[in-house]
Amino acid sequence: MKILFYQLLNFYMVIMFWNCCKIRLTSCHEDLNFIIEGPGLNPLNIVMPARYFYIYIDNKHNGNFSYSYDMKQKVDVKISGKTITNRECRTWVNILDRNDGSFIVRYKLFESCFNFIINVLYNKKHIAQSPYKIEEMIQTDDCDCPNYDFHKWFNNYGCKDTYFQINSDLNRFPTVDYNKLQIFTSQKFNNSSSMSVCNYVIYKNEIFRKCYGQHVGFKMFMDAILLSLTRKVRLPDLEMYVNLGDWPLVKLNDKIQLPMFSWCGSTETSDIVLPTYDITESSLECMGRVSLDMLSVQGNIKLPWNKRTPKAFWRGRDSNRYRLNLVDIAKKNPDLFNVSLTNFFFFRDEEHKYGPKEKHVSFFDFFEISIPFGRRIISF
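Fair warning: this is a prediction, and the values are worked out from it, not measured in the lab.

Thoughts on the overall build of the protein chain
Scanning the protein chain for helices and strands turns up 10 helices and 17 strands. Excluding contacts between residues fewer than 6 apart, the proportion of contacts in the protein chain whose partners are at least 24 apart in sequence is 64%. Split by element, the accessible area of the protein chain, about 19700 Å² in all, is 51% carbon and sulfur.

A look at the sheet that holds strand S12 (residues 238-243)
The 5 strands are arranged S11-S10-S12-S13-S14 in an open sheet whose pairing can be described as mixed. Strand pairing shows two members of the sheet lacking a second neighbour, strand S11 (206-212) and strand S14 (272-273), which therefore form its edges. Bridge count for strand S13 (residues 260-262) against S14 is 2 bridges, and the pairing is parallel. Within S14, the residue paired with Ser262 across the bridge is Val273. Packed on one face of the sheet, helix H5 (residues 178-189) meets strand S10 (197-203), S11, S12 and S13 and runs near 25 degrees to S12.

Here we look at the pairing of strand S16 (residues 337-343)
Summarising burial for S16: 5 of the 7 residues are buried, a large majority. The sheet contact formed by strand S15 (residues 309-317) and S16 spans 6 bridges and is parallel. Across the sheet, residue Ala312 finds its bridge partner in S16, namely Phe337. With respect to chirality, the unit in which S15 leads through helix H9 (residues 321-332) into the neighbouring parallel S16 is right-handed.

Quick notes on the state of the cysteines
On inspection of all chains with the given rule, the structure shows 3 disulfides. The disulfide that involves Cys89 links it to Cys113, with 2.1 Å between the sulfurs. With Cys89 in the loop between strand S4 (75-82) and strand S5 (91-97) and Cys113 in the loop between strand S6 (102-109) and strand S7 (114-122), this pair connects stretches of sequence that are 24 residues apart. Here Cys89 and Cys113 have matching classes, each one buried. One disulfide bridge connects Cys198 with Cys211, the sulfur atoms lying 1.9 Å from each other. Where Cys198 bonds to Cys211 through sulfur, the torsion about that S-S bond is close to 95 degrees, and the disulfide is right-handed. Of this pair, Cys198 sits in strand S10 while Cys211 sits in strand S11, placing them 13 residues apart in sequence. On the accessibility criterion, Cys211 (22% relative accessible area) is partly exposed.

Cut-offs applied
Residues numbered from 1 in each chain as written. Predicted model: local features only at pLDDT ≥ 70, side-chain atom pairs only at ≥ 80, totals over all residues. Heavy atoms only, no water. Helix = DSSP H or I, 4+ residues; strand = E, 2+ residues; numbered from the N terminus. Contact = heavy atoms within 4.5 Å. Areas by Shrake-Rupley, 256 points an atom, 1.4 Å probe, with all protein chains shown as cover. Pairing = 2+ DSSP bridges. Axes fitted to C-alpha atoms, helices over the stretch in contact; angles between N-to-C directions. Buried < 20%, exposed > 50% of the residue type's maximum accessible area, 1.4 Å probe, protein only. Right-handed = clockwise from strand over helix to strand, strands pointing away. Disulfide = S-S within 2.5 Å.

In structure tokens, the structure reads:
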């Protein structure tokens, strides 16, 4: 069970960060070398909300490579397939130019397809091993089609067996008796106004949960990732506690150590860290109802690294004292930090000291700075 649990978390990393699968094909054309790789070339075995692959262009003689804007105009990807009623499949293709001679191609299926063809063209000619043809049925992300062989399914994604972060977090809990923890958990969190926790049980690939605390709306994010997983693979029976807040809950010196999965952690806590809920949503809804995700950011960075402002950049609300401390640090070191609060909820009586408030900044604009912090600071 422990190994299977590690693998479940590994796939969580796959679907959040999209970086495990390695399928590489190369070719040469017009004195240029083309490399195409990524899980989107294997849609039969790798199901994602939006599949993707990379195109890399370089000088085949290893000379100085000069990227030019017209390269994007020459890159074209066409995807086709047939439905079970012999109609043309509905697909959406999006090409992101990373402005360095590489491109991210992502595509979304709106219905299951067979006789699936991916055509990758440069200057109207096929490159690498294009066209890529798959005769079998390609499933959409919302297909409830779980693979009953967990290990085979996991190996299809090409990820490592585990990661250092997962090992270090889970090694604190070699065994867990959830029957004993149940009473403690319900007493500690049931009527809490400051902490919200959900107890999840996966049994026969069905998901059950009971939540504690007053504010449990963020359960929808954990619901979404578990529902996505159970559509793709039959998960082992397991139980877990999930912290719905954005602050770790289990201190290292707590007498009872809860195996609490959280979207945040620190060196003083034993919470098991998962990718944050906003990354979860942006990945699960990629090319859907959200426009901001880790792939689209790469296609919207305007400045090369050497032209970015050499400062640490951060924006966020006043959800904890550490953020106010960060504002203090920034005011003392304006040459190193660009830090401001965008709203005051918890420390309104101190706005005169830590203000003025700044307007929200587009996430794309974060990358005009050398070191974007993002939106969450746990500790320093």
